[in-house]
Amino acid sequence: VSSPMVGRARELEQLCQQFRRVRQGSGGIVSLVGEAGIGKSRLVREALASEEGRRARLLIGRSLSVGGSLSFHPFTDLLRGWAGISAADADAEAVARLEEAVADLCGEEAGEIAPFVASLMGLHPSPAHAERLRGIEGRALERLIFHAMRT
């Protein structure tokens, strides 16, 4: 069942404008915040169905109240969706999927990126990448994780 969206033209245009910015090279994050039932999901569906939405690469994560105590939960959720990792995947399978996704995106740099992204996500890196993380802790690890995410 579908019906026309009413009263959200301004918000829809703002999302489409953000899609245009992304396509022009300006990255961005959009947060939709509001009470349950006001149409956040519907607005996202409409934006994704727009011409701009169909032409943009989108990564979608959720910030759920149950994840509030987990570090970087929205980013972990976003990365799991991007890499095709399901909740049922064993740790080794999740790491393999992540490493494949990073390799597809980053090519030769994947070996310098995947271990730190896996660390952010709370995954144990593959044996091939565990050596890269050995001895790195605290602020140094944090900086390398942020660098990997930016890359």
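The following refers to the structure shown. None of the values given here were measured: they were computed from a predicted structure.

Quick look at the pattern of salt bridges now. A full pass over the atoms with the stated rule returns eleven salt bridges. Salt-bridge contacts for Arg-20 lead to Glu-52; the nearest nitrogen and oxygen are separated by 2.7 Å. Here Glu-52 lies in helix H3 (residues 51-55) and Arg-20 lies in helix H1 (residues 9-23), a separation of 32 residues in the sequence.

We now examine the environment of Gly-111. Summarising the element assignment, Gly-111 is placed in helix H6 (residues 110-120). Spatially, the C-alpha atom of Gly-111 lies 11 Å from that of Glu-100, the residues being eleven residues apart in sequence. Setting aside residues up to four positions removed in sequence, Gly-111 forms contacts with His-129 and Arg-132.

Remark: H6 packs on helix H8 (residues 138-150), axes separated minimally by 8 Å, with the N-to-C direction vectors making an angle of 110 degrees. Comparing the axis directions of H6 and H8 gives the class roughly perpendicular. The crossing of H6 and H8 is left-handed. On H8, the residues touching Ile-113, Phe-116, Val-117, Ser-119 and Leu-120 of H6 are Leu-141, Leu-144, Ile-145, Ala-148 and Met-149.

Its place among the elements puts Glu-137 in the loop between helix H7 (127-133) and H8. A relative accessible area of 63% places Glu-137 in the exposed class.

The subject of this paragraph is the packing of helix H5 (residues 91-106) against H6. Remark: H5 packs on H6, axes separated minimally by 9 Å, with the N-to-C direction vectors making an angle of 140 degrees. Comparing the axis directions of H5 and H6 gives the class oblique. Along this stretch, H5 crosses H6, giving a crossing that reads as right-handed. From H5, Leu-98, Glu-99, Val-102, Ala-103 and Cys-106 reach across to H6, where they touch Ala-110, Ile-113, Ala-114, Val-117 and Ala-118. Considering only residue class, the contact of H5 with H6 consists of nine nonpolar, no polar and one charged.

What follows covers the side chain of Glu-52. Its relative accessible area of 19% is what places Glu-52 among the buried residues. Leave out the neighbours within four places in its chain, and Glu-52 touches Cys-16, Phe-19 and Arg-20.

The next subject is H5. Here H5 contains 16 residues, and its C-alpha end-to-end distance of 22 Å stays within 8% of the 22 Å for a straight helix at 1.5 Å per residue. Looking at H5, one finds that the buried residues are Ala-94, Val-95, Leu-98, Glu-99, Ala-101, Val-102 and Cys-106. Mapping the buried residues of H5 onto a view down its axis gives an arc of 165 degrees, with all of them on the same face. The exposed set on the far side of H5, more than 90 degrees from its buried face, consists of Ala-92, Glu-100 and Asp-104. The inward-facing, buried residues of H5 contact helix H4 (73-83), H6 and H7. Directly beyond the C-terminal end of H5, a positive phi value near 60 degrees is found at Gly-107.

Here Gln-18 is to be found in helix H1. There is a polar contact of 3.0 Å between the side chain of Gln-18 and the side chain of Arg-21. Among all residues touching Gln-18, those that are not within four sequence positions of it are Gly-27, Gly-28 and Val-30.

About the cut-offs
Residues numbered from 1 in each chain as written. Predicted model: local features only at pLDDT ≥ 70, side-chain atom pairs only at ≥ 80, totals over all residues. Heavy atoms only, no water. Salt bridge = Lys/Arg side-chain N within 4 Å of Asp/Glu carboxyl O. Helix = DSSP H or I, 4+ residues; strand = E, 2+ residues; numbered from the N terminus. Contact = heavy atoms within 4.5 Å. Axes fitted to C-alpha atoms, helices over the stretch in contact; angles between N-to-C directions. Parallel < 35°, antiparallel > 145°, perpendicular 65-115°, else oblique. Left-handed = near helix turned anticlockwise from the far one by under 90°. Buried < 20%, exposed > 50% of the residue type's maximum accessible area, 1.4 Å probe, protein only. Nonpolar A, V, L, I, M, F, W, Y, C, P; charged D, E, K, R; others polar. Expected span 1.5 Å × (residues − 1). Arc of directions from axis to C-beta. Polar contact = N/O pair within 3.5 Å; in protein donor to acceptor, adjacent residues only side chain to side chain.

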